[in-house]
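# Topology and contacts: notes
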Amino acid sequence: MSFLVLENVHVYYGGVHALKGVSLTVEQGEIVTLIGANGAGKTTTLRAVCAQVKVREGRVTFQGRDITNQPTHEVVSLGIGHVPEGRRIFSRLTVKENLDIGAFSVRDKSLVKRRLEQVFACFPRLKERLNQKAGTLSGGEQQMLAIGRALMSEPSLLLLDEPSMGLAPVVVEQIFDILKDLNQRGTTLLLVEQNAFQALQLAHRGYVIQNGEIRMADAARTLLENEEVKAAYLA
Ligand code: ATP
């Protein structure tokens, strides 16, 4: 049984047929990346998993459980964390306040504290800036905060929407190192990226989405050497 399964998922935005029967799987412990051009349906695929768009046809299962169109808070409580496109941190709140929001469903204060310590272990930089307003952080730090906030719910599966967006190459490398480390500590990752080269270097497997349909699925290493992938996404 795969950890996460999307089976023939269709999503519409009004008259726009954004996902046309997307099927993909993520095994426990893997890093899987979904690559594709602007507007191909990458963000929508992640939104379909965490119920931020309506799945009109098809099915999403997580650990064998049908989560299709379940309320987002329930999906989160089952262990799926989402780092949305554009980070969506609360810029007027402090780093600490943003992290606390990520643990909104946790009543136990000592548990929140323990999770904070885990986030600081990944992102020491956030600990140094706890009382700083999130809007004044650098782009890389804001991305760290967005990931840290998602980690506050202790997800076993983390969905990441273009964590490299708008970041300098050296900062992207730092973020990807952190993702690798998180995966080695046991978190399964589904990573959506326009930065296909780096995503395929990090991932175990990859899918190529085009126009709302999965066009290729293979080991990341194989995709990196595929001529079509090279021409379209790695140029
Ligand atoms: P990008 O890399 O540019 O974010 P993407 O691969 O993540 O692209 P999606 O954001 O999933 O693509 O968009 C898939 C398709 O659905 C696109 O044609 C887009 O214009 C359309 N779409 C996305 N969100 C909406 C919306 N809220 N209303 C109408 N159409 C939408």
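Residues numbered from 1 in each chain as written. Predicted model: local features only at pLDDT ≥ 70, side-chain atom pairs only at ≥ 80, totals over all residues. Heavy atoms only, no water.

- Named according to an unreviewed UniProt entry, the protein chain is Branched-chain amino acid transport system ATP-binding protein originating from Alicyclobacillus macrosporangiidus.
- One UniProt comment on the protein chain, placed under Sequence similarities (unreviewed entry), says "Belongs to the ABC transporter superfamily." (UniProt positions renumbered as here; feature names shortened; annotations may be inferred.)

### Comments concerning the overall build of the protein chain
- Helix and strand counts for the protein chain come out as 10 helices and 10 strands.
- Against the globule reference of 18 Å for 235 residues, the protein chain gives a C-alpha radius of gyration of 17 Å, in line with a compact fold.
- Burial statistics for the protein chain: of 235 residues in total, 51% are counted as buried.
- Expressed as a percentage of contacts within the protein chain between residues at least 6 apart in sequence, the contacts between residues at least 24 apart total 66%.
- Positive and negative charge centroids in the protein chain, built from 27 and 25 side chains respectively, lie 7 Å apart. (Helix = DSSP H or I, 4+ residues; strand = E, 2+ residues; numbered from the N terminus. Rg over C-alpha atoms; globule rule 2.2 N^0.38 Å. Buried < 20%, exposed > 50% of the residue type's maximum accessible area, 1.4 Å probe, protein only. Contact = heavy atoms within 4.5 Å. Lys, Arg positive; Asp, Glu negative; His and termini not counted. Charge placed at Lys NZ, Arg CZ, Asp CG, Glu CD.)

### Quick word on the UniProt feature "domain: ABC transporter" (unreviewed entry) in the protein chain
- Per the UniProt annotation, the sites labelled "domain: ABC transporter" (unreviewed entry) are residues 4-234.
- In the segment residues 4-234, helix accounts for 39% and strand for 28%; the C-alpha atoms at its two ends are 27 Å apart.

### Describing the nonpolar core
- In terms of nonpolar packing, the biggest core is built from 48 residues, with Phe 123, Ile 147, Leu 158 and Leu 179 touching the most fellow members.
- In this structure, Phe 123 is in contact with Met 144, Ile 147, Gly 148, Leu 151 and Ile 178, ignoring residues within four places of it in sequence.
- The next biggest cluster of nonpolar side chains, apart from the first, holds 29 residues, and it includes Val 22, Leu 34, Val 55 and Leu 190. (Core = buried A, V, L, I, M, F, W, Y, C linked by side-chain atoms within 4.5 Å.)

### Here's the deal with the sheet that holds strand β1 (residues 4-13)
- The strand order β2-β1-β4-β5 describes an open sheet built from 4 strands, whose pairing is antiparallel. The strands lining the two open edges of the sheet, one partner per strand, are β2 (16-26) and β5 (65-66).
- In terms of strand pairing, β1 meets strand β4 (residues 55-62) through 6 bridges, oriented antiparallel. When the bridges of β4 are listed, Val 11 appears paired with Val 55. (Pairing = 2+ DSSP bridges.)

### Observations regarding the site of the ligand
- The full set close to the ligand counts 13 residues, and Asn 38, Gly 39, Lys 42, Thr 43 and Thr 44 are the nearest of them.
- A per-element tally of the shell around the ligand places helix α1 (residues 42-49) first, with 3 residues.
- Residues that form the shell around the ligand fall into these classes: 4 nonpolar, 6 polar and 3 charged. (Near = heavy atom within 4 Å. Nonpolar A, V, L, I, M, F, W, Y, C, P; charged D, E, K, R; others polar.)

### What to know about unusual backbone geometry
- For Asn 69, which is not a glycine, the phi torsion comes out positive at approximately 60°.
- Residue position: Asn 69 is located in the loop between β5 and α2 (72-77).

### A look at the layout of surface pockets
- Taken as a whole, the largest pocket spans an internal volume of roughly 490 Å³.
- Lining the largest pocket are 22 residues, with Gln 52, Val 76, His 82, Pro 84 and Arg 149 sitting closest to its centre.
- Residues belonging to the lining of the largest pocket are distributed by class as follows: 9 nonpolar, 8 polar and 5 charged. (1 Å grid on protein atoms, 1.4 Å probe; cavity = no way out; pocket = protein on both sides within 12 Å on 5 of 7 lines; lining within 4 Å. Points joined across faces, edges and corners; volume = space filled by probe spheres on them.)

### Some points on the packing of aromatic side chains
- Within this structure, the stated rule accounts for 1 aromatic pair.
- Centre to centre, the rings of Phe 3 and Phe 62 are 5.0 Å apart; their planes meet at 65°, and the pair counts as edge-to-face. Highlighted residues: Phe 3 in the segment before β1 and Phe 62 in strand β4, separated in sequence by 59 residues.
- Judged by its relative accessible area of 1%, Phe 62 is buried.
- A cation over a ring is seen here: Arg 56 above Tyr 12, with NZ or CZ 3.8 Å from the ring centre. (Phe/Tyr/Trp six-rings, centres within 6.5 Å; stacked < 30°, edge-to-face > 60°. Lys NZ or Arg CZ within 6 Å of the ring centre and 35° of its normal.)

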